[in-house]
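Listed below, chain by chain, are the residues.
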Amino acid sequence: MIQLHVEELVNSFKVRFSYDKRAVEQIKAIPNAQWRKDAKAWLIPKTSRRALERFIAWASGKEALKAIQRSKVDSAYPTCSKGEPMWAHQLAAFQYLWNRQASLLDLRPGSGKSRIFVDYCLNYPDVKRVLILCPKSFVQGWQAQFEKYGGFPVVCACLDDTAGTVRERVKVGLQAIEEAQRQNILAVVVVNYDVCWREGMSDFLLDAQFDVFGADEIQRLRGAQTRVSKFARRLGAAIPVRIGLSGTAFPETPMDSFGVCRALDASVFGTAFHRFKNRYAVFGGYGNFKVLNYINQNELKEKIDTLRFTMEPEGYELPSEQDIVISLVLPPKVQKLYKTLERDLYAKISTGEIYLANSAVAFTQLQRLCSGVLPVENADGDTTLTEIHTLKQDALRDLLDSFPPTQSVVVICRFHYDLAAVHKITTEVGRVSAEVSGRPGRPLAHIDGGVWVGPETVLAVQGSSGVEGFDLTRGHIMCYYSYTLELGKFSQSRARIRRAGQKEPCTYYHLVVQGGIDQKIRVLLEKKQHVLQGLLAGGI
């Protein structure tokens, strides 16, 4: 047991103890710890608070942590906000954040995380400057969130493409901070992940003396070796309060946790990714790059939980939901074609030949076949998408006909052909459709501040690019025309209609071909398993 004396200063903690070689080695490992000869004490910045807490627990026991720990404040309540009262789970998360330097709000998509963050920034004392990193499509939506829930005005600078070049965006950000300082109100700077680390912008963000750093959809930082993840670590070390927001914080593997936690508190796993990998996984295979097994997972979870606020499903106040599977049976000839491709990865039809290079390609093409098309190579060697059947188109037509003409419906698709089919069927039934995807020249949805507001009643959404951040609660019906293979994207897509602001029970329709790959993908998604790995492990 080592006797410690801990004193809290404005931006750091002063730690003194009688000389002990082991204790000196331990405290030196705390990020940015400095020995001050004049004070005969160690100075630990508040950004390394969690590492200091672990040092105190090691040196003097858990009881000694009471010297610096400030627990969740049950009495904290947002008074500078407007709109409907917070849900119970939102208030619990708000109180969890209240006296913490690093937090991860790992709450299901649609649970109102942005409302929690806005209320924290507007209510916590002495917060004057806030930085938010987020995906490009979310940037403008954050201004709408502050306008919707803010109890008083803020100056919000949305530094996306609309603000010009990187140099021009920096200028807009500086002007916003100066204007907020002049008015003595909160300054909010919103930057997308793709730009934050670039020359000019990075210096501005590091020098702007932000009080709070919010990382929206923080799973974007999971790539430990990426430039944006490394830069986020620098931001986390420079800004006193760091808050991560995500409904799918670690969407693929436990290895995702390093980059995410490093941005919030580098002391959780350290800054050396190779040490982290070797501690929590066993590698092998060609080049020693393949994960053979995950190890020490209980320890991994315990460390993540020092940052994470999460909640069991029954703890959320969200509308009820139900899933309805519409089972489809392929015509006999198409069934025969499907089985031939599944077995031989090759088939010959009247208009040409179909080649599937390997199992991974086969998954994609069999899913396309379930949707109704295949790439067919003709005698001249040209390959074109050929319509094989219209089973899903017919099912979607029947589904739309069963709803009132004014009922808003969201249709999730994987392939461009599927999106085009949705527009075709919508037109046939006398409705207007729009699209959220990365395709140029398409009927784009009317999105204002991230909220669907357009006149169209059918919205075709590409599952890989249009399922994060948008508020589609205008509708409470969603149809899965074809599934994305990404578990995180699937979870995000469901939350587009079942989220804060939704008043109606949500219904999810699934167009699933019996015995086809659709059915296998759905089972894996329901079990929350990695789809492609599951398909490869079980065969087609």
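Before reading further, recall that the structure is shown in the block above.
Residues numbered from 1 in each chain as written. Predicted model: local features only at pLDDT ≥ 70, side-chain atom pairs only at ≥ 80, totals over all residues. Heavy atoms only, no water.

A. Looking closely at the nonpolar core. Residues Leu341 and Val411 are the most contacted members of the largest nonpolar core, which totals 59 residues. Ranked by residues supplied to this core, first place goes to strand E25 (residues 506–513) with six residues. The contact partners of Leu341, leaving out residues within four places of it in the chain, are Tyr346, Ala347, Ile354, Leu356, Leu366, Leu369 and Leu374. (Core = buried A, V, L, I, M, F, W, Y, C linked by side-chain atoms within 4.5 Å. Buried < 20%, exposed > 50% of the residue type's maximum accessible area, 1.4 Å probe, protein only. Helix = DSSP H or I, 4+ residues; strand = E, 2+ residues; numbered from the N terminus. Contact = heavy atoms within 4.5 Å.)

B. Fine view of helix H1 (residues 21–28). Taken residue by residue, H1 has Ala23, Val24 and Ile27 as its buried positions. Taken around the axis of H1, the buried residues stretch over an arc of 100°, which confines them to a single face. The outward face of H1, more than 90 degrees from its buried face, is lined by the exposed residues Lys21, Arg22, Glu25 and Lys28. One side-chain oxygen of the residue at the start of H1 lies 3.0 Å from the amide nitrogen of Arg22, identifying that residue as Asp20. (Arc of directions from axis to C-beta. Polar contact = N/O pair within 3.5 Å; in protein donor to acceptor, adjacent residues only side chain to side chain.)

C. Spatial organisation of the pairing of E25. Buried residues dominate E25, accounting for eight of its eight residues. Because side chains alternate across E25, one face comprises the buried residues Cys506, Tyr508, His510 and Val512, and the other comprises Thr507, Tyr509, Leu511 and Val513, equally buried. For strand E14 (residues 321–328) and E25, the ladder comprises eight bridges, and the chain directions are parallel. Along E25, the bridge assignment pairs Asp323 with Tyr508. (Pairing = 2+ DSSP bridges.)

D. Inspection of unusual backbone geometry at higher detail. The backbone phi angle of Asp126 is positive, close to 65°, even though this residue is not glycine. Relative to the helices and strands, Asp126 is located in the loop between helix H4 (113–123) and strand E6 (129–134). On the accessibility criterion, Asp126 (66% relative accessible area) is exposed. Positive phi values are uncommon outside glycine, yet Gln209 reaches one of about 55°.

E. Expanded view of the sheet that holds E14. As summarised here, the arrangement of the six strands in space is E14-E25-E24-E19-E23-E20, forming an open sheet in which the pairing is parallel. Sheet topology places E14 and strand E20 (433–436) at the edges, where each strand pairs with a single neighbour. Strand-to-strand twist of the sheet, defined as the mean angle between neighbouring strand axes without regard to direction, takes the value 20°. Strand contacts of helix H15 (residues 391–401): E14, strand E19 (409–413), strand E23 (458–462), strand E24 (477–480) and E25, with the helix running at about 155° to E25, the strand carrying the most contacts. Sheet strands touched by helix H17 (residues 487–494): E14, E19, E24 and E25. Its angle to E24, the strand with the most contacts, is close to 155°. (Axes fitted to C-alpha atoms, helices over the stretch in contact; angles between N-to-C directions.)

F. Layout of the state of the cysteines. A complete count under the given rule lists zero disulfides for this structure. The closest cysteine sulfur to the non-disulfide-bonded Cys121 is located on Cys156, 11 Å from its own sulfur. On the basis of relative accessible area, Cys121 is assigned to the buried category, the value being 2%. Of the cysteine sulfurs around Cys158, a residue in no disulfide, the closest is that of Cys156, at 4.0 Å. (Disulfide = S-S within 2.5 Å.)

G. The arrangement of the packing of aromatic side chains in detail. Applying the stated criterion across every chain yields a total of 20 aromatic pairs. Seen from their ring centres, Phe258 and Phe273 are 5.1 Å apart, and the 50° between their planes marks the pair as tilted. Here the residue Phe258 occupies a position in helix H10 (residues 257–264), and Phe273 occupies one in helix H11 (residues 273–280), the gap between them amounting to 15 residues. On the basis of relative accessibility, which here comes to 0%, the residue Phe258 falls in the buried class. (Phe/Tyr/Trp six-rings, centres within 6.5 Å; stacked < 30°, edge-to-face > 60°.)

H. Examining the side chain of Ser437 more closely. Looking at where Ser437 falls in the secondary structure, it is placed in the loop between E20 and strand E21 (447–448). For Ser437, the side chain forms a polar contact with the side chain of Glu435, separated by 2.5 Å. Apart from residues no more than four positions distant in its own chain, Ser437 is found in contact with Leu419, Gln462 and Ser465.

I. Looking closely at the environment of Ala144. Here Ala144 is to be found in helix H5 (residues 139–149). Note: C-alpha distance between Ala144 and Arg233 (89 residues apart in sequence) is 28 Å.

J. Highlighting the pattern of salt bridges. According to the stated counting rule, one finds 17 salt bridges in the structure shown. The residue Asp20 makes a salt bridge to Arg22 at a minimum N-O spacing of 3.8 Å. By relative accessible area, which is 52% here, Arg22 ends up exposed. For Glu321, the salt bridge goes to Arg498, with nearest N and O atoms at 3.4 Å. Of this pair, Glu321 sits in strand E14 while Arg498 sits in the loop between H17 and E25, and the two are 177 residues apart along the sequence. Given a relative accessible area of 35%, Glu321 falls into the partly exposed group. One salt-bridge network, in which partners are shared between bridges, spans Asp106, Lys301, Asp305 and Arg308. (Salt bridge = Lys/Arg side-chain N within 4 Å of Asp/Glu carboxyl O.)

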